[in-house]
Amino acid sequence: MVGPQRPQFVLFGSSIVQHSFSNQGWGAILADLYARRADVLLRGYAGWNSRRAVQILDQVFPKDAAVQPSLVIVYFGGNDSMRPNPDGLGPHVPLPEYIENMRKIALHLKSLSAKTRIIIISPPPVNEQQIRETLSHIIPDGSRTNEDCRIYSEACLKLCRELDVKAIDLWTAMQQRDDWLTACFTDGIHLSSEGSKIVLKEILKILLEAEWKPSLYRKALPAEFAGDLFLDVDKPNGKT
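Here goes a summary of the coordinates provided. Here the structure is a predicted model, which is why all the values come from computation and not from measurement.

**Overview of the overall build of the protein**
For step 1, the next point in the chain: Across its full length, the protein holds ten helices and five strands.
For step 2, the next point in the chain: The C-alpha atoms of the protein give 18 Å as radius of gyration, which agrees with the globular expectation for 240 residues (18 Å, within 12%).
For step 3, the next point in the chain: Referenced to the eigenvectors of the C-alpha coordinate spread, the extents of the protein come out at roughly 60 × 40 × 30 Å.
For step 4, the next point in the chain: With 240 residues in all, the protein has 48% of them scored as buried.
For step 5, the next point in the chain: Long-range contacts, defined here as pairs at least 24 residues apart, represent 76% of the contacts in the protein between residues at least 6 apart.
For step 6, the next point in the chain: Looking at charge distribution, the protein has the averaged site of its 28 positive side-chain charges lying 5 Å from that of its 28 negative ones.

Given below as structure tokens:
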């Protein structure tokens, strides 16, 4: 790694994570906000479900690593919640298995370090009509529904409460916007820049309010080589 060493924020999940650095995504904005304060690392795998994530946990997050992440933001569930294909193939994971997979992920991350913090993002809603219009060539009609997303989201949030893990109820947060169906997606599933703003807002709220020691709120972290800055280090480029 390059130095000096900064806190590491790892984004771990499926396509909502992999694409978070594109289209003015939430991952890119988070990295920009934390410039000179933390390294935001992308570990996103489009098409993956919680079952596949569990299989590679030790490779992505080895317990014997010299440096452990300060924060891991996890998202799985959208692919898991898809209806099963008649041939048994596809990303669907039954709800009980999804819950246990997310439990394994959370407990593994908790075991990395006493100072490794976790935020889990629940499955967001989907625009079923937009999916039919843009993704019908790869997603059979009716195989991805908003109701199924709700069921998996609620199960994810219940598990987070049980494990005392910070969680983002993205299914509810996105639908607070009156125009969420038209504004928040690029294809009915993946997030537009407006959808990403909602994710980012919820992440920053947790980072501000969490009683973590040390705090991971941006202004609580030192800026690297702060003495060389000509700008106000608390508001680089006007950001707060």
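**Side note on the sheet that holds strand E3 (residues 71-75)**
For step 1, the next point in the chain: Spatial ordering of the open sheet is given by E2-E1-E3-E4-E5, a layout of five strands whose pairing is parallel. Both edges of this open sheet fall to strand E2 (39-44) and strand E5 (166-168), since each of them pairs with a single strand only. The sheet shows a mean angle of 20 degrees between the axes of neighbouring strands, direction not considered.
For step 2, the next point in the chain: Two elements, strand E4 (residues 117-121) and E5, share three bridges in a ladder whose sense is parallel. The partner of Ile-119 across the bridge, within E5, is Lys-166.

**Some words on unusual backbone geometry**
For step 1, the next point in the chain: Cis rather than trans, the peptide bond between Lys-213 and Pro-214 has omega equal to 0 degrees.
For step 2, the next point in the chain: Residue placement: Pro-214 occurs in the segment after helix H10 (193-209).
For step 3, the next point in the chain: If you check the backbone angles, Arg-36 has positive phi at about 70 degrees while not being a glycine.
For step 4, the next point in the chain: Along the chain, Arg-36 turns up in the loop between helix H2 (26-33) and E2.
For step 5, the next point in the chain: Look at Phe-225: it is not a glycine, yet its phi comes out positive at around 50 degrees.
For step 6, the next point in the chain: Structurally, Phe-225 can be placed in the segment after H10.

**Regarding the nonpolar core**
For step 1, the next point in the chain: Counting residues in each nonpolar core, the largest one holds 33 residues, and the members touching the most others are Trp-26 and Ile-73.
For step 2, the next point in the chain: Residue assignment for this core shows that the elements contributing at least two residues are strand E1 (8-13), helix H1 (15-18), H2, E3, E4, helix H8 (170-174) and H10.
For step 3, the next point in the chain: In terms of residues, this core owes the most to one element, H10, which gives six residues.
For step 4, the next point in the chain: Beyond its immediate stretch of four places on either side in the chain, Trp-26 contacts Leu-11, Ile-16, Val-17, Ser-20, Ile-73, Ile-121, Leu-191, Ser-196, Val-199, Leu-200 and Ile-203.
For step 5, the next point in the chain: The next biggest cluster of nonpolar side chains, apart from the first, holds 26 residues, and it includes Ile-56, Leu-57, Phe-61 and Leu-112.

**Considerations on the packing of aromatic side chains**
For step 1, the next point in the chain: Applying the stated criterion across every chain, the model contains six aromatic pairs.
For step 2, the next point in the chain: An angle of 75 degrees between the planes, with centres 5.1 Å apart, marks the rings of Phe-12 and Phe-76 as edge-to-face. Note that Phe-12 is positioned in strand E1 and Phe-76 in the loop between E3 and helix H5 (95-110), a separation of 64 residues in sequence. Just as Phe-12 is buried, Phe-76 falls in that class too.
For step 3, the next point in the chain: Among the aromatic side chains, those forming a connected cluster through ring pairs are Phe-12, Phe-61 and Phe-76.

**Focus: H2**
For step 1, the next point in the chain: Restricting attention to buried positions, one finds in H2 the residues Trp-26, Gly-27, Leu-30 and Leu-33. Buried residues in H2, looked at end-on, bunch into an arc of 125 degrees, giving them a common side.
For step 2, the next point in the chain: On its buried face, H2 sits against E1, H1, E2, E3, E4 and H10.

**Examining helix H7 (residues 146-163)**
For step 1, the next point in the chain: With 18 residues, H7 ought to run about 26 Å at 1.5 Å a step, and its terminal C-alpha atoms sit 26 Å apart, in line with that.
For step 2, the next point in the chain: Asn-146, Asp-148, Cys-149, Tyr-152, Ser-153, Ala-155, Cys-156, Leu-157, Leu-159, Cys-160 and Leu-163 are the residues of H7 that are buried.
For step 3, the next point in the chain: For H7, the elements touching its buried residues are H5, E4, helix H6 (128-134), E5, H8 and helix H9 (180-183).
For step 4, the next point in the chain: At the exit of H7 stands Asp-164, carrying a positive phi of roughly 60 degrees.

**Considering the layout of surface pockets**
For step 1, the next point in the chain: Roughly 310 Å³ of volume is contained in the largest pocket.
For step 2, the next point in the chain: Looking at the largest pocket, it is lined by 19 residues, and the ones nearest its centre are Gly-47, Asn-79, Met-82, Ile-139 and Arg-144.
For step 3, the next point in the chain: For the lining of the largest pocket, the residue count by class is ten nonpolar, seven polar and two charged.
For step 4, the next point in the chain: One number sums up the size of the second largest pocket: a volume of about 260 Å³.

Basis of the calculations
Residues numbered from 1 in each chain as written. Predicted model: local features only at pLDDT ≥ 70, side-chain atom pairs only at ≥ 80, totals over all residues. Heavy atoms only, no water. Helix = DSSP H or I, 4+ residues; strand = E, 2+ residues; numbered from the N terminus. Rg over C-alpha atoms; globule rule 2.2 N^0.38 Å. Buried < 20%, exposed > 50% of the residue type's maximum accessible area, 1.4 Å probe, protein only. Contact = heavy atoms within 4.5 Å. Lys, Arg positive; Asp, Glu negative; His and termini not counted. Charge placed at Lys NZ, Arg CZ, Asp CG, Glu CD. Pairing = 2+ DSSP bridges. Axes fitted to C-alpha atoms, helices over the stretch in contact; angles between N-to-C directions. Core = buried A, V, L, I, M, F, W, Y, C linked by side-chain atoms within 4.5 Å. Phe/Tyr/Trp six-rings, centres within 6.5 Å; stacked < 30°, edge-to-face > 60°. Arc of directions from axis to C-beta. Expected span 1.5 Å × (residues − 1). 1 Å grid on protein atoms, 1.4 Å probe; cavity = no way out; pocket = protein on both sides within 12 Å on 5 of 7 lines; lining within 4 Å. Points joined across faces, edges and corners; volume = space filled by probe spheres on them. Nonpolar A, V, L, I, M, F, W, Y, C, P; charged D, E, K, R; others polar.

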